[in-house]
Number of protein chains: 2
Amino acid sequence: MTIERQVDDKYLTTFIHESEAGHAEGMIYPENEEEIVEAVKKAQAEGKKLVTIGGHTALAGGTYPQGEILLNLEKMNQILDLDKETLTLTVEAGVTLSQVRDYLAGSGYFYAPDPGEKRATVAGNAATNAGGMRAIKYGVTRDNIRSMRVVLANGEVINVGSLNNKDSSGYDLKDLFIGSEGTLGIISQLQLKLRVEPKYENSLLIGFDRLEELGPVIYEILHSSVAPTALEMFEHDAITYAEELLGKEMPSKTGQAFLLVTLSGNQEAAIQKDLENLEEIAQNAGALATELLSGQVEKGVWDIRDHILSGIYKAGPMRLDDPVVPVNKITQAINKSKEIADDLGIASTFFGHAGDGNIHICLMKKELSDQEWEDRLHQYDLRLYDFLAENGGLPSGEHGIGLERVKFMPIFFSETELNTMKAIKKALDPNNLLNPGRVIEVDE
Amino acid sequence: MTIERQVDDKYLTTFIHESEAGHAEGMIYPENEEEIVEAVKKAQAEGKKLVTIGGHTALAGGTYPQGEILLNLEKMNQILDLDKETLTLTVEAGVTLSQVRDYLAGSGYFYAPDPGEKRATVAGNAATNAGGMRAIKYGVTRDNIRSMRVVLANGEVINVGSLNNKDSSGYDLKDLFIGSEGTLGIISQLQLKLRVEPKYENSLLIGFDRLEELGPVIYEILHSSVAPTALEMFEHDAITYAEELLGKEMPSKTGQAFLLVTLSGNQEAAIQKDLENLEEIAQNAGALATELLSGQVEKGVWDIRDHILSGIYKAGPMRLDDPVVPVNKITQAINKSKEIADDLGIASTFFGHAGDGNIHICLMKKELSDQEWEDRLHQYDLRLYDFLAENGGLPSGEHGIGLERVKFMPIFFSETELNTMKAIKKALDPNNLLNPGRVIEVDE
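Parameters at a glance
Residues numbered from 1 in each chain as written. Chains lettered and ligands numbered in written order. Predicted model: local features only at pLDDT ≥ 70, side-chain atom pairs only at ≥ 80, totals over all residues. Heavy atoms only, no water. Helix = DSSP H or I, 4+ residues; strand = E, 2+ residues; numbered from the N terminus. Buried < 20%, exposed > 50% of the residue type's maximum accessible area, 1.4 Å probe, protein only. Polar contact = N/O pair within 3.5 Å; in protein donor to acceptor, adjacent residues only side chain to side chain. Contact = heavy atoms within 4.5 Å. Domains from an automatic or database assignment. Buried area = accessible area lost by both parts, 1.4 Å probe. Salt bridge = Lys/Arg side-chain N within 4 Å of Asp/Glu carboxyl O. Nonpolar A, V, L, I, M, F, W, Y, C, P; charged D, E, K, R; others polar. Least-squares fit on C-alpha atoms with pLDDT ≥ 70 in both. Pairing = 2+ DSSP bridges. Axes fitted to C-alpha atoms, helices over the stretch in contact; angles between N-to-C directions.

**Observations regarding the side chain of N72 of chain A**
Residue and element names in this part refer to chain A.
Okay, step 1: Looking at the secondary structure, you find N72 in strand 4 (residues 69-72).
Okay, step 2: By relative accessible area, which is 0% here, N72 ends up buried.
Okay, step 3: Of the polar contacts made by the side chain of N72, one reaches the backbone nitrogen of E74; its length is 2.9 Å.
Okay, step 4: In contact with N72, other than residues within four places in its own chain, are Y11, M27, I28, Y29, P30, I53 and G54.

This is the structure we're talking about:
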């Protein structure tokens, strides 16, 4: 187990605290579960706090250190077993999404969760219950993890979940730990659910004149017989950042607001029929253009979609939001966010997972002073989150609460609901050892 | 709120305690959430214990009273709202599965969970995380509940879950309450996920000479492109009980062990193609016969399948078990259970949800004395559960732990795992007010 007293600068910042370094008391690199246990017991004995870090890709400040010791799991990066009978991949916590993808390439199997950031670890994805493009068909990370080994705050280790497809045997600890952002225990090992790769895949790009037109089409698709693998949305402005970054144009882009739908399956004829159904839905809803995509053109459009965030990111200081709303509120939520941003003089654009109601709003600093930027973001947050709470939405669909959104939790949850979460945190981590201050605040 | 001091005899027994009456201090029938709150506060103040009961269909003794007050939710039976935009049905806790089915008939929507017992309440199904026939395609109850209102042991009410399709906003309380069998809170209201009914449905009955042949076919189907709506298994013996009960013969039954597969969708041609794929898989695996079923014949075969349990039940005293194993262990588990039952001189037969690894073993008392029956069941349990635990199985796939299986929990869970569950129970119900002794034992 390597212990560093002096923590590399890069770990003192995160995506949303790029210019402002946090501070850490040190960094520990456990190489196996026993070393995590050792670190936990030592920290517990010495009254220290631990913050677990994986791929260093947290988007809500979960790993931004506030004086704690960083527990870095990047050396626990072994893929341990592929079980083809139960379709299960057993991996250590620090294995990344790209490692999993490379390992399975050519096997005929795949792990469905598909967040944009492939350097993220599977344990980090489990901690935040990450989503991604394919959640509409295959569910989020929660739905694709069979079991996990977890080191508790007292240094004991438990197994949660199993390889069974059904379970009515005791409390569902697996789903409690998933999404708890490392505040209840440290994931050391995971068993991932694999699926058999579909043989065929095609996409359809649908362009609309106005954003408002997307909403009815989204839920018409969701209510139809078509079960898309991905149902993404973005606006024209958002594309331009990706085009600039990649130095190439999106092959087809008639319209201001777009839906990108992918279908996959093992029956080519069935996919074609579904694509026709989709085209009909789109045309009846007044789409400006529908374009069937396959081969290199399909790849090109997806490439643009995949680079929207990095394009915006490269264009200058920005903040990425992650709200989610019920599917019948998507366009209202986007319009509201644009209205608030415009009103406050913040430049903004969006893309998102339309099928899930999960909107990624990108707010851009542009010419604002640091103080203006900070003040306006705060105003924006208060106004947007009020709107979301009134409309049944939540502050995070897939990135987590981290350190950043804790203060907004009372907008979305009652005191009793927060107290219920706190009671669980206190029951499992009475000394607030693990990721303190993340997700919920507890008194010590 | 009606309060009965004298509890009707029928509530003092359960499915597995038919001849042995429990005792209850009284029965309360709250008519709304406020009256649940009132009952909880009163019980808390007076140091009483509450056991929540819904459709009185518990299969693991969860509602078998041991001196507690029964809290009967059957009067909270209103369907409150159908939201077609988010495909959500809002119901009170005491609404039954058959009420939901009748309400949605002809609407084009359906609620996917399909446990055999339609008199069960949706809240009871949520409490045990019930499964049913269609779990292989649509998931179990857990996967089909969007949100719930829950009355806590302190009399406060929380909402868990939401109408959002994704959620990385705080601890997953919804999944903690689902499957906790009423030990952490009392569900008062639920929002159910609805789906659009598929247009076409067909089934295939596959007969094999030997039970052992089922295993490889089950996972070949699971690994194929075919996504069945149901994948059931049963043996020839089991069918005879249903035939006797219904007074009719199964239309087709060549073989000793059967798989019954149902496919559904909106493209008739795609279903036909998948049925051909299934037939090919079955024939390559040495099936004696495959029969495509539709219309009245399909209905007839499913009718037989649906009446296996009631047929066995009518034939005399029996016990229904509910173990689950990883899908690659199904035939070994069935064989093991038969071997143990034979060895102990207990008559047995089985049916089960093959796609989920969930086996319903029916042990029949026949000519055994009460004492022999009890002793042999105990021997059987110890031997079967050891086998299950060694093979990654669990004691309950869909019926729950209830009162009956609590003593076997240490075979499947480590002391630390059980202590983690106990810590949560103590955090949320420190006085052990709710369903005491169910799922886990806690010290008071």
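Having seen the model, we can carry on.
**Quick word on the domain arrangement of chain A**
All names here are of chain A.
Okay, step 1: Here chain A is partitioned into domain 1 (9-72), domain 2 (79-196), domain 3 (199-311) and domain 4 (316-399).
Okay, step 2: The interface of domain 2 with domain 4 comprises 8 residues on the first partner and 5 residues on the second.
Okay, step 3: The contact between domain 2 and domain 4 buries some 460 Å² in all, and 49% of this surface belongs to carbon and sulfur atoms.
Okay, step 4: It is T128, G132 and I136 that lose the most area in domain 2 upon contact with domain 4, and together they represent 56% of the buried surface on that side.
Okay, step 5: Counting the contacts that link domain 2 with domain 4 gives 0 salt bridges.
Okay, step 6: Connecting domain 2 to domain 4 are 1 residue pair in polar contact (both at pLDDT 80 or more).
Okay, step 7: Residue classes in the side of domain 2 that touches domain 4 are distributed as 4 nonpolar, 4 polar and no charged.

**Focus: the relation of the copies chain B and chain A**
Okay, step 1: With an RMSD of 0.0 Å, the fit of chain B onto chain A corresponds to turning through 180° and sliding 0.0 Å along the axis. The two molecules are tied by a two-fold rotation axis, judged by turn and shift.
Okay, step 2: Of the residues that chain B buries at the interface, 100% are likewise interface residues in chain A, meaning the two copies contact each other through the same surface.

**Observations concerning the interface of chain B and chain A**
Okay, step 1: Each partner contributes to the interface: chain B provides 78 residues, whereas chain A provides 78 residues.
Okay, step 2: Interface area for chain B against chain A, summed over the two sides, is near 5900 Å², with a carbon-plus-sulfur share of 57%.
Okay, step 3: By the criterion of area lost to chain A, the three top residues of chain B are K166, S168 and Y171 of chain B, representing 17% of everything that side buries.
Okay, step 4: A salt bridge links R142 of chain A to D172 of chain B, with the shortest nitrogen-to-oxygen separation between them at 3.0 Å.
Okay, step 5: Counting the contacts that link chain B with chain A gives 44 residue pairs in polar contact (both at pLDDT 80 or more).
Okay, step 6: Contributing elements (two or more residues each) for the side of chain B that touches chain A: strand 9 (157-161), helix 5 (173-177), helix 6 (214-223), helix 8 (268-284) and helix 14 (415-428) of chain B.
Okay, step 7: A per-element tally of the side of chain B that touches chain A places helix 14 of chain B first, with 9 residues.

**Things to note about the sheet that holds strand 12 (residues 200-208) of chain A**
Residues and elements named next belong to chain A.
Okay, step 1: As summarised here, the arrangement of the 7 strands in space is 15-12-14-13-17-18-16, forming an open sheet in which the pairing is antiparallel. Looking at the sheet topology across the chains shown, the edges are occupied by strand 15 (289-293) and strand 16 (318-320). For this sheet, the mean inter-axis angle between neighbouring strands, taken without regard to orientation, is 15°.
Okay, step 2: Across 9 bridges, strand 12 lies against strand 14 (residues 257-265) in antiparallel orientation. Looking at the pairing, L205 lines up with L260 of strand 14.
Okay, step 3: Along the sheet, helix 7 (residues 236-246) contacts strand 13 (230-235), strand 14, strand 17 (347-353) and strand 18 (358-364); its crossing angle with strand 13, the most-contacted strand, is approximately 95°.
Okay, step 4: Docked against the sheet, helix 8 (residues 268-284) engages strand 12, strand 14 and strand 15, running at close to 5° with respect to strand 12.

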